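Architecture at a glance
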Amino acid sequence: MDYSQPHISSRDVQSEVLQLNQQLQMRDQLVDQLSTELYRLIKANPAALPPAQGLTPAAPTLSLQTSPARQNSTGDLTALESQIEFYQTQIDKRDAQIAHLQSSCQSLSERNQMLEHVIQELPEVYRQKFSNRLNHVKTKVKSLQLENRRLYSALQDSNYPSTTDRMSLPARSKATRERTP
């Protein structure tokens, strides 16, 4: 048995792997949160972006050869950024739709309230219009009745013979009426 290497049980290895996986998941969540926050900050204030990076003498140069793990993480980051951008545009579109629907709902509720008010006033409006028309008809009837009475009294006052005088007139036959012009 070699005592120079410490004895590590499989249980210890599994717990350490589990702990490392949890730490990795936590880091992934933090990276997601940070990238989302960066995206929102950049979207809100594009001037906060650093200027285009050219190679300056004071800036450290990156090696042209990158490791496959770095290329993979860069690709993952790019894919993640594109997903974030896609979902952000979806959220913006839905926010715009929600705002449009809310304003539409507000205008429709205002119109509904106005129409309810008009409907409540309609019976009174109809009563008023009917009474105005009825008053017009009543005044017309009164004027016609007055005109009728005036004409009737004028007829009575005229020199026409009364009904008793008409009876005393000789009755003419139809034949005599036709002969006389």
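Residues numbered from 1 in each chain as written. Predicted model: local features only at pLDDT ≥ 70, side-chain atom pairs only at ≥ 80, totals over all residues. Heavy atoms only, no water.

**Details of the pattern of salt bridges**
This is how it is decided: Salt bridge, as applied in this entry: a Lys or Arg side-chain nitrogen positioned within 4 Å of an Asp or Glu carboxyl oxygen. Each helix is a run of H or I in the DSSP string that is no shorter than four residues. Each strand is a run of E no shorter than two, and both are numbered from the N terminus. To sort residues, take the accessible area from a 1.4 Å probe on protein chains only and compare it with the maximum for the residue type: under 20% means buried, over 50% means exposed, and anything in between is partly exposed.
One pass over the full model with this rule turns up 3 salt bridges. Between Lys-43 and Asp-92 there is a salt bridge, and its shortest N-O distance comes to 3.8 Å. One end of the pair, Lys-43, is in helix α1 (residues 10-44); the other, Asp-92, is in helix α2 (residues 68-157), with 49 residues separating them in the sequence. The shortest N-O distance in the salt bridge between Glu-124 and Arg-127 comes to 3.3 Å. Of this pair, Glu-124 and Arg-127 both sit in helix α2, separated by 3 residues, roughly a single helical turn. Judged by relative accessible area, Arg-127 falls into the exposed class, the value being 53%.

**Things to note about the confidence of the model for the protein chain**
In plain terms, the rule: Confidence of the prediction at every residue is given by pLDDT, a number between 0 and 100. Should any heavy atoms of two residues lie within 4.5 Å, those residues are considered in contact.
For the protein chain, mean pLDDT is 78; residues scoring 70 or higher make up 69% of the total. Taken element by element, the protein chain is modelled with least confidence in helix α3 (residues 163-168), mean pLDDT 51, and with most confidence in α2, mean pLDDT 90. For residues 54-64, every residue scores under 50 in pLDDT, and the model assigns this stretch 0 contacts once sequence neighbours within four places are set aside.

**Some remarks on the packing of aromatic side chains**
The condition is simple: Stacked, edge-to-face and tilted are the three classes for Phe, Tyr and Trp ring pairs, Trp counted by its six-membered ring, which pair at centre distances within 6.5 Å; planes under 30 degrees apart are stacked, over 60 edge-to-face, the rest tilted.
Tallied over the full model, the rule gives 1 aromatic pair. Judged by centre distance (5.4 Å) and plane angle (65°), the ring pair of Phe-86 and Tyr-87 falls under edge-to-face. You can call Phe-86 partly exposed: its relative accessible area is 45%. The exposed category is assigned to Tyr-87, whose relative accessible area is 51%.

**Some details on the side chain of Gln-88**
Its place among the elements puts Gln-88 in helix α2. For Gln-88, a relative accessible area of 13% puts it in the buried group. Gln-88 has contacts with Tyr-39, Arg-40 and Lys-43, leaving out every residue within four places of it along the chain.

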